[in-house]
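# A structural walkthrough
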Amino acid sequence: MSRNVVMGVTGGIACYKAADVVSRLKKEGIEVDVIMTQNACHFVDPLTFRTLSKNPVVTDTFATPEAWKVGHVALAEKADVMLIAPATANVIGKVASGIADDMLTTTIMASRAKIVFAPAMNVNMYENPIVQENIERLKARGYYFIEPGSGLLACGYEGKGRMAEPPEIVNYVHRLLSEDTEAAPASAKVRDLEGKRFLVTAGPTAEKIDPVRYISNRSSGKMGFAVAEAAFSRGAEVTLVTGPVKLSCSPGIRRIDVSTTREMLQACEEVFPDVDAVVKAAAPADFYVVNSCEHKIKKKSDTITLELAQNPDILKTLGSRKKDQILVGFAAETRNLEAYAEKKIADKNLDMIVANDVSAPGAGFDIDTNIFTIITADGEKTAYEKMTKAEGAGIILDRIGEMMRKR
Ligand SMILES: Cc1cc2nc3c(=O)[nH]c(=O)nc-3n(C[C@H](O)[C@H](O)[C@H](O)COP(=O)(O)O)c2cc1C
C-alpha cells in the first residue's frame with residue numbers, strides 16, 4: 001500500500017504543531033512532502049520541515065522553474081492524501097473559490113487525492129459565516145475537515161478554532177490512507193463509530209511507598225492512547241482513564257487522570273454503565289503497599305519490608321457487571337500467551353482479548369509498534385504481523401465495530 005502524504009502548511013500560529021504532525025507521520029513510516037505558503041514561512045522556518053520530513057520543502061515561490069515543474073504536478077500525482085494543517089481561513093476560502101495562485105493551492109487544484117483540512121484560527125474567524133459557508137461548500141465536494149477544538153486560543157480568545165491535536169490528525173490521515181478507495185462513501189467509513197461511547201484505559205498505575213517513591217510498571221500508555229485517539233477520530237465519544245503517563249490527547253477526549261489501581265477502578269465504575277464498549281489497555285499494578293508511609297522513609301536500617309496486598313481486579317469487576325457492553329482486555333505475557341489469554345476471556349467475561357508477547361522484538365512496552373493475536377469469546381483467533389500501535393488501534397476498532405454491527 002502506498003502511503004504518501006503531501007502536507008500543506010499555511011500561515012497560522014499552529015504551524016508549530018504541524019511539525020509534530022510531520023514527525024508522527026514519519027514515525028508511522030509514511031512518506032511526507034511539505035509545501036509551505038510564504039506566510040507560513042514567517043512562523044516556522046522550512047528547515048524544520050525539511051529536517052523532519054527528510055524531503056525538500058516546496059516553499060511558495062515560482063522563482064525556480066524546476067521547482068514549479070516538479071512541484072505542483074509531481075506532488076499532486078504523488079499524494080495519496082493531501083493534508084492542510086494548519087489551514088487558514090484564507091486557504092479554505094481560496095480553495096472553495098477555485099483560486100490557485102500559489103504552489104499549495106495549485107497543487108490542491110491539480111490533485112485527485114483525498115484532501116483534508118485541519119482548520120486553525122481565531123474563534124471569530126472560524127464562526128464567520130463566510131468561513132463556515134466555504135467549509136460547507138468544500139465538504140459538499142468531498143473535501144474532509146478535522147474539526148478544531150475549543151479552548152484558550154493563541155490569540156487570547158476563548159472558543160472554537162484551536163487546531164486538532166497531532167495524534168488526532170495522524171489518526172485521521174491514517175484512516176484515509178488505509179481505506180478502500182472504491183468503498184463508498186469514504187466519510188461514512190471514517191466516522192463509523194459516530195454515536196458510540198467508549199471507555200479506554202491506558203498506562204500503568206503507581207502505588208505509593210512513601211511521598212517520593214512508588215511501585216509501578218513499564219507501561220507507557222501508547223497503546224491505550226492510540227485506541228482512544230482512533231475511536232475519537234472515528235466519531236466515538238471517548239472517556240480515557242489513564243495512569244501517570246507522558247502523553248497528551250485530543251481536547252475532545254474526556255480524560256480522567258488517576259494514580260492508583262483503586263482510583264482507576266473507581267473512575268471506570270462510574271463511566272462503565274453508560275458506555276457501549278470498553279478497551280482496557282492499561283496495566284494496573286496488581287499489588288498496593290499496605291504499609292506505605294506518610295513521610296519519606298529514611299535509611300535507618302539495611303533492609304525494609306514492604307507488605308503488598310492484592311489490588312481489585314478491574315477487568316473482572318467490569319466483566320461481572322457487564323450488560324450490553326463489549327468488553328475488550330489485553331493480555332501482556334512473556335510465555336504461554338494464548339493459554340493465559342483464553343483463560344482470561346473466560347474468567348473475566350470478555351468479548352475479545354488482544355494478546356501480546358511483550359518479550360518479542362517489536363512488541364510490548366514503550367515502543368511504537370506491536371505484534372498481537374486477537375482471540376474472541378467464540379474462539380476465533382487471528383494473528384497479526386508487526387504494525388504500528390496506531391494501525392493496531394485501527395484493527396481493534398474494526399473488530400469492535402464488526403461486533404457492534406452484529407448485535
Ligand atoms: C501572528 C499571526 C497569526 C495568525 N494566525 C492565523 C491563524 O491561526 N489562522 C488564520 O486563518 N490566519 C491567521 N493569521 C492570518 C494569516 O496569516 C493571513 O490570513 C495570511 O494571508 C494567510 O496566508 P496563507 O493562507 O497563504 O498562509 C495570522 C496572522 C498573524 C500575523
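Residues numbered from 1 in each chain as written. Predicted model: local features only at pLDDT ≥ 70, side-chain atom pairs only at ≥ 80, totals over all residues.

### So, the overall build of the protein chain
As a reminder of what qualifies: Here a helix means four or more residues in a row that DSSP labels H or I, a strand means two or more in a row labelled E, and each is numbered from the N terminus. Three exposure classes are used. Buried residues have 20 or more other C-beta atoms within 10 Å of their own C-beta, exposed residues have 12 or fewer, and partly exposed residues fall in between, all C-beta atoms being placed from the backbone. Working definition of a contact: two residues with C-beta atoms, positioned from the backbone, lying within 7 Å.
Each helix and strand in the protein chain was counted, giving 15 helices and 22 strands. With the C-alpha coordinates of the protein chain rotated into their principal frame, the extents come out at 75 × 55 × 40 Å. Residues counted as buried form 45% of the 407 residues belonging to the protein chain. Contacts in the protein chain between residues at least 24 apart in sequence constitute 68% of all its contacts with a sequence separation of at least 6.

### Quick notes on the site of the ligand
The cut-off we apply is this: By definition, a residue lies near a molecule or strand provided its backbone-derived C-beta atom is within 6 Å of it. Under this grouping Gly is polar, as are all residues other than the nonpolar Ala, Val, Leu, Ile, Met, Phe, Trp, Tyr, Cys and Pro and the charged Asp, Glu, Lys and Arg.
Thr-10, Gly-11, Gly-12, Thr-37 and Thr-88 are the nearest of the 15 residues found near the ligand. Classifying every residue of the shell around the ligand gives 8 nonpolar, 7 polar and no charged.

### Describing the sheet that holds strand β1 (residues 4-9)
For the record, the criterion: Strand pairing is assigned whenever DSSP detects at least two bridges linking the two strands. Helix axes are fitted only over the stretch in contact, all axes being lines through C-alpha atoms; the angle between N-to-C directions runs from 0 to 180 degrees.
Strand order in the open sheet made by the 6 strands is β3-β2-β1-β4-β5-β6, with parallel pairing throughout. Looking at which strands have only one partner, the edges of the open sheet turn out to be β3 (58-59) and β6 (144-145). Relative to strand β2 (residues 31-36), β1 is paired through 6 bridges, and the arrangement is parallel. Note that in β2 the partner of Val-6 across the bridge is Asp-33. Lying over the sheet, helix α6 (residues 103-110) contacts β1, β2, β3, β4 (81-87) and β5 (114-119), oriented at roughly 130° with respect to β2.

### Observations concerning unusual backbone geometry
Across the junction of Ala-85 and Pro-86, the peptide omega takes the value -5°, indicating a cis bond. Secondary-structure assignment places Pro-86 in strand β4. Backbone geometry places Lys-54, a non-glycine residue, at a positive phi of 60°. Within the secondary structure, Lys-54 is located in the loop between α3 (46-53) and β3. Taking the C-beta count within 10 Å as the criterion, Lys-54 has 10 such neighbours and is therefore assigned exposed. In the Ramachandran plot, Asn-349 falls in the positive-phi region, its phi being about 60° despite a non-glycine side chain.

### Thoughts on the sheet that holds strand β18 (residues 352-357)
Strand order in the open sheet formed by 8 strands is β13-β12-β9-β14-β17-β18-β20-β21, with mixed pairing between adjacent strands. The two strands at the open ends of the sheet, each matched to only one other strand, are β13 (254-257) and β21 (381-383). In this sheet, adjacent strand axes meet at a mean angle of 15° when their direction is disregarded. In this structure, strand β9 (residues 197-202) lies alongside strand β12 (residues 237-242), joined through 6 bridges in parallel fashion. Following the sheet pairing, Leu-199 is matched in β12 by Thr-239. The strands touched by helix α14 (residues 337-348) are β17 (326-333), β18 and β20 (373-376); relative to β17, the strand with the most contacts, the crossing angle is about 150°.

### Here's the deal with helix α12 (residues 261-271)
What counts, and what does not: Read the arc as the range of directions from the helix axis to the C-beta atoms.
Those residues of α12 not exposed but buried are Thr-261, Met-264, Leu-265 and Cys-268. Down the axis of α12, the smallest arc covering the buried residues is 100°, so these residues share one side. Considering only its buried residues, α12 is in contact with β9, β12, β15 (287-289) and α13 (314-320).

### Remarks on the packing of helix α5 (residues 89-96) against helix α8 (residues 129-140)
Applied cut-off: If an angle is under 35 degrees, it is roughly parallel; if it is over 145, roughly antiparallel; if it lies from 65 to 115, roughly perpendicular; otherwise it is oblique. For any helix crossing, the convention is left-handed if the near helix is rotated counterclockwise from the far helix by under a right angle, and right-handed if that rotation is clockwise.
In the contact formed by α5 and α8, the axes pass within 9 Å of each other and the chain directions differ by 50°. Judged by the inter-axis angle, α5 sits oblique to α8. As α5 packs across α8, the resulting crossing turns out to be left-handed. Contact residues: α5 offers Ala-89, Ile-92, Gly-93, Val-95 and Ala-96, while α8 offers Val-131, Asn-134, Ile-135, Arg-137 and Leu-138.

### A word on the domain arrangement of the protein chain
As a measure of interface size, the accessible area lost when the parts come together is often cited. Applied cut-off: Where each domain begins and ends follows an automated or database-derived domain assignment.
What the domain assignment reports for the protein chain is domain 1 (4-183) and domain 2 (197-406). Here the C-alpha centroids of domain 1 and domain 2 sit 34 Å apart. Taken together, the 15 residues of domain 1 in the interface contact 15 residues of domain 2. Looking at the side of domain 1 that touches domain 2, the elements that each hand over two or more residues are β7 (149-152) and α9 (166-178). Looking at side-chain class alone, the side of domain 1 that touches domain 2 contains 4 nonpolar, 6 polar and 5 charged residues.

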